[in-house]
Amino acid sequence: QVQLVESGGGLVQPGGSLRLSCTASGSIFGDYAMGWYRQAPGNQRELVARVGRSGYTSTADSVKGRFTISRDNAKNTVFLQMNSLKPEDTAVYYCYIAVDGIRDWYWGQGTQVTVSS
């Protein structure tokens, strides 16, 4: 069993910043990839950013240049630094982990990000 705990969401004005954290615990043995999805009401869940086992990172075009993903391997933690936030970034953000040797992905509980004046 693997558990993910997210934190860092909240209410911020346009142009502001937030930093999301997601820490994994449990049966994590070997390499893993982690990342972030988000889902706004009425929208499909979309991939925001990911960091692979090799440390390779990628971000969605909609957030490129504003969001940065990073990971702390020693702590099994992934971060999402969100700058220059826009109202359209408002969504529930979910982290995930994909562990080598484990078939299913595991998901965090979600954290609400609201960008509004």
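What you see is a predicted model; the values in this text were computed from it and never measured. (Residues numbered from 1 in each chain as written. Predicted model: local features only at pLDDT ≥ 70, side-chain atom pairs only at ≥ 80, totals over all residues. Heavy atoms only, no water.)

Asks: Let's hear about the state of the cysteines: which residues, and what values?
Replies: Taken as a whole and assessed by the stated rule, the structure comprises 1 disulfide. Shown here is the disulfide that connects Cys22 with Cys95, its sulfur atoms set 1.9 Å apart. The sign of the S-S torsion, about 55 degrees, decides the handedness of the disulfide formed by Cys22 and Cys95: right-handed. Pair noted here: Cys22 is in strand β3 (residues 18-26) and Cys95 is in strand β9 (residues 91-99), with a separation of 73 residues, a long-range link. (Disulfide = S-S within 2.5 Å. Helix = DSSP H or I, 4+ residues; strand = E, 2+ residues; numbered from the N terminus.)

Asks: Describe the pairing of strand β5 (residues 46-51), with residues and values.
Replies: In terms of strand pairing, strand β4 (residues 32-39) meets β5 through 5 bridges, oriented antiparallel. Of the residues in β5, the one forming a bridge with Trp36 is Ala49. Connecting the antiparallel pair β4 and β5 is a turn made up of 6 residues, with Gly42 showing a positive phi of about 80 degrees. Relative to strand β6 (residues 57-59), β5 runs antiparallel, the two sharing 3 bridges. Residue pairing in the sheet places Arg50 in a bridge with Ser58 of β6. Hairpin connection between β5 and β6: a loop of 5 residues separates the two successive antiparallel strands, and Gly55 in this loop has a positive phi of roughly 95 degrees. (Pairing = 2+ DSSP bridges.)

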